[in-house]
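Spelled out, the chains give:
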Amino acid sequence: MLDKTKQYWFIGIKGTGMASLALILHDLGYQVAGSDIDKHTFTEDPLRSAGIEVTSFAKENIKPGQIIVKGNAFKEENIEVQACLEQGIKWQSYPDTVEEIVQSHTSIGVAGSHGKTSTTGLLAHMLGEIEKTSFLIGDGTGKGIKDSRFFVYEADEYRRHFLAYHPDYQIMTNIDFDHPDYFKDQDDYASAFKEAADQTKKAIFVWGDDVRLKNMETSTKKYTYGFKDSDDFQAFDIQKSTTGSTFKVRHEGHVLGEFTIHLFGDHNILNATAVIAVGFMEKIDLAEIQAGLSSYQGVKRRFHEKHFGEFTIIDDYAHHPTEMRATLAAARQKFPDKKIVAIFQPHTYSRTAKFKEEFVEILKTADKAYVTPIFGSARENSGAISSEDLTREIPNSEVIDEANIADLKSNENSVLVFMGAGDITKYEAAFQKVAE
């Protein structure tokens, strides 16, 4: 159980999920502090603004009487993990801590290979416009609100972490194979989602075009959403423009209404349809759902638009082939008269090797493609593949780094789409220096 008499010490507090969780507990009145690497990350700014102590890793940080929340990436070689072992202090995981919040609310998890953050952000905003809603989003944001009815959270499937949760509802956007460094194959990956579905209490909402999700057998009530007549919640009569999309939703033969989102691409229409389905099942007034969706402006690092001098920049977390395809399609919807230039940072060597052919084919659809050096991770720092292995197969493409970032200036009348889950923002910052 959560305890307001003790300090919650986060080992790895700058992690996107960890930072969000720390903010939630702080908002709810708990004592929160933590440590991480010294390098600045975008997630630490909200922590410091909230008055949460963020310090370097040090053995002295670990003291008896604390509740230790350990980030998933930190193993026994971490100095604070070592201190816990030496002092016999037990820790709890990020998922264990989230589950305590899940059980105290009407809770909705959002799972899937991709689309989790965008959908969680949209759902949290819509519900928050209507009822008190606490939320935990994987982009480094989280908020706890006293006496909140709803808790919306992003459910991460990596290492089956989301199996710590037993929510009332769950949205599952898709189960395209991912995390090849952990899951053996597609069947192993899909089995984790089936288990997550089985332990959801009231209902799950799945994308109807994902055959594995549609055919998944589960004891939990299942609804599909999508664009087909066969879907339980169907988006139809879709109108797209440079300001977003308008569409209607049908359920069991009844039109629930017309909805507008100021977001781009089919994937955002699908996300919104899932959100509408959740609201409908919770008997929320449809007019309030319409208003909540219309006022949403997006989450960090999901098709975030910036301007550096004469250049338009799109910053996006996309790092899986399906995400990248959706991001480039959204860019073409919003900027139909401009060239689309992709700047892609491959994320981990195993993922780059696994999806090499898909990455190549998707980057070919851009008018010009650049590939940065591969981003390693704490769990994987090298591999037998390089960025050059991609660019050799993509016409008119090149490898780009901070040293030659000025090459991007040659792309006139273009939208520069930066995609990646690592530290690709450093390339954006380097370009800003030469562009403005």
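Residues numbered from 1 in each chain as written. Predicted model: local features only at pLDDT ≥ 70, side-chain atom pairs only at ≥ 80, totals over all residues. Heavy atoms only, no water.

Before going further, it helps to examine the overall build of the protein. Assigned secondary structure in the protein consists of 14 helices and 21 strands. For the protein, the C-alpha radius of gyration of 22 Å lies close to 22 Å, the compact-globule estimate for 436 residues. On the principal axes, the C-alpha backbone points of the protein span a range of 60 × 55 × 40 Å. Here the protein holds 436 residues, and the buried ones make up 56% of them. Of the roughly 18100 Å² of accessible surface on the protein, a fraction of 48% belongs to carbon and sulfur atoms. The distance from the centre of the 49 positive side-chain charges to the centre of the 66 negative ones in the protein is 1 Å. (Helix = DSSP H or I, 4+ residues; strand = E, 2+ residues; numbered from the N terminus. Rg over C-alpha atoms; globule rule 2.2 N^0.38 Å. Buried < 20%, exposed > 50% of the residue type's maximum accessible area, 1.4 Å probe, protein only. Areas by Shrake-Rupley, 256 points an atom, 1.4 Å probe, with all protein chains shown as cover. Lys, Arg positive; Asp, Glu negative; His and termini not counted. Charge placed at Lys NZ, Arg CZ, Asp CG, Glu CD.)

Turning our eyes to something else, we now look at the packing of aromatic side chains. One pass over the full model with this rule turns up 20 aromatic pairs. A ring pair is formed by Tyr182 and Phe183, whose centres lie 4.8 Å apart and whose planes are at 85°; its orientation type is edge-to-face. Linked through ring pairs, Tyr158, Phe162, Phe177, Tyr182, Phe183, Tyr189 and Phe193 together constitute an aromatic cluster. The lysine or arginine in question, Lys4, covers the ring of Tyr30, its NZ or CZ lying 5.3 Å from the ring centre. Positioned above the aromatic ring of Phe236, the side-chain terminus of Arg250 is 3.9 Å from the ring centre. (Phe/Tyr/Trp six-rings, centres within 6.5 Å; stacked < 30°, edge-to-face > 60°. Lys NZ or Arg CZ within 6 Å of the ring centre and 35° of its normal.)

Counting residues in each nonpolar core, the largest one holds 43 residues, and the members touching the most others are Phe10, Phe162 and Met172. Elements supplying a minimum of two residues to this core: β1 (7–11), α1 (16–27), β4 (67–70), α4 (94–102), β9 (150–154), α6 (186–198) and β11 (203–207). Take this core: its biggest share by element is seven residues, from α1. Setting aside anything within four residues of it in sequence, one finds Phe10 in contact with Met18, Leu21, Ala22, Leu25, Val32, Ala33, Gly34, Ser35 and Val69. Counting residues in hydrophobic clusters, the runner-up holds 37 residues, among them Ile137, Val249, Ile261 and Tyr296. (Core = buried A, V, L, I, M, F, W, Y, C linked by side-chain atoms within 4.5 Å. Contact = heavy atoms within 4.5 Å.)

We now examine the side chain of Gln66. With respect to the secondary-structure elements, Gln66 resides in the loop between β3 (53–56) and β4. Polar side-chain contacts of Gln66 include one of 2.8 Å to the side chain of Gln7. Within the structure, Gln66 has its side chain in polar contact with the backbone oxygen of Asn61 (distance 3.1 Å). The residues contacting Gln66, other than those within four sequence positions of it, are Gln7, Trp9 and Asn61. (Polar contact = N/O pair within 3.5 Å; in protein donor to acceptor, adjacent residues only side chain to side chain.)

Interhelical geometry of helix α5 (residues 116–128) versus helix α8 (residues 266–281) gives an angle of 40° and a closest axis separation of 9 Å. As the angle between them shows, α5 and α8 are arranged oblique. In the crossing of α5 with α8, the sense of the turn from one axis to the other is right-handed. Taken together, the residues of α8 that come into contact with α5 (itself represented by Ser118, Thr119, Leu122, Leu123 and Met126) are Asn268, Asn271, Ala272, Val275, Val278 and Gly279. Of the residues assigned to the contact of α5 with α8, the class counts are six nonpolar, five polar and no charged. (Axes fitted to C-alpha atoms, helices over the stretch in contact; angles between N-to-C directions. Parallel < 35°, antiparallel > 145°, perpendicular 65-115°, else oblique. Left-handed = near helix turned anticlockwise from the far one by under 90°. Nonpolar A, V, L, I, M, F, W, Y, C, P; charged D, E, K, R; others polar.)

Enumeration according to the criterion identifies 24 salt bridges in this entry. Note that Glu398 and Lys368 form a salt bridge whose closest N and O atoms lie 3.5 Å from each other. Linking Glu398 in strand β20 (residues 397–399) with Lys368 in strand β19 (residues 368–371), this pair joins segments that are 30 residues apart in sequence. Owing to a relative accessible area of 24%, Glu398 belongs among the partly exposed residues under this scheme. A salt bridge links Asp423 to Lys426, with the nearest nitrogen and oxygen atoms 3.4 Å apart. For Asp423, a relative accessible area of 16% corresponds to the buried category. One continuous salt-bridge network, built from bridges that share partners, spans Lys39, Glu402, Asp423 and Lys426. (Salt bridge = Lys/Arg side-chain N within 4 Å of Asp/Glu carboxyl O.)

This part takes up the pairing of β9. Burial runs high along β9: five of the five residues are buried. Of the two faces of β9, the one carrying Phe150, Val152 and Glu154 and the one carrying Phe151 and Tyr153 are both buried. Summarising the sheet, strand β6 (residues 106–111) and β9 pair through five bridges and their orientation is parallel. Paired with Val110 across the two strands is Glu154, which belongs to β9. Bridging between strand β7 (residues 133–137) and β9 involves four bridges; their strand directions are parallel. Bridge pairing in β9 links Phe135 to Val152. (Pairing = 2+ DSSP bridges.)

Just distances and angles here, no functional claims.
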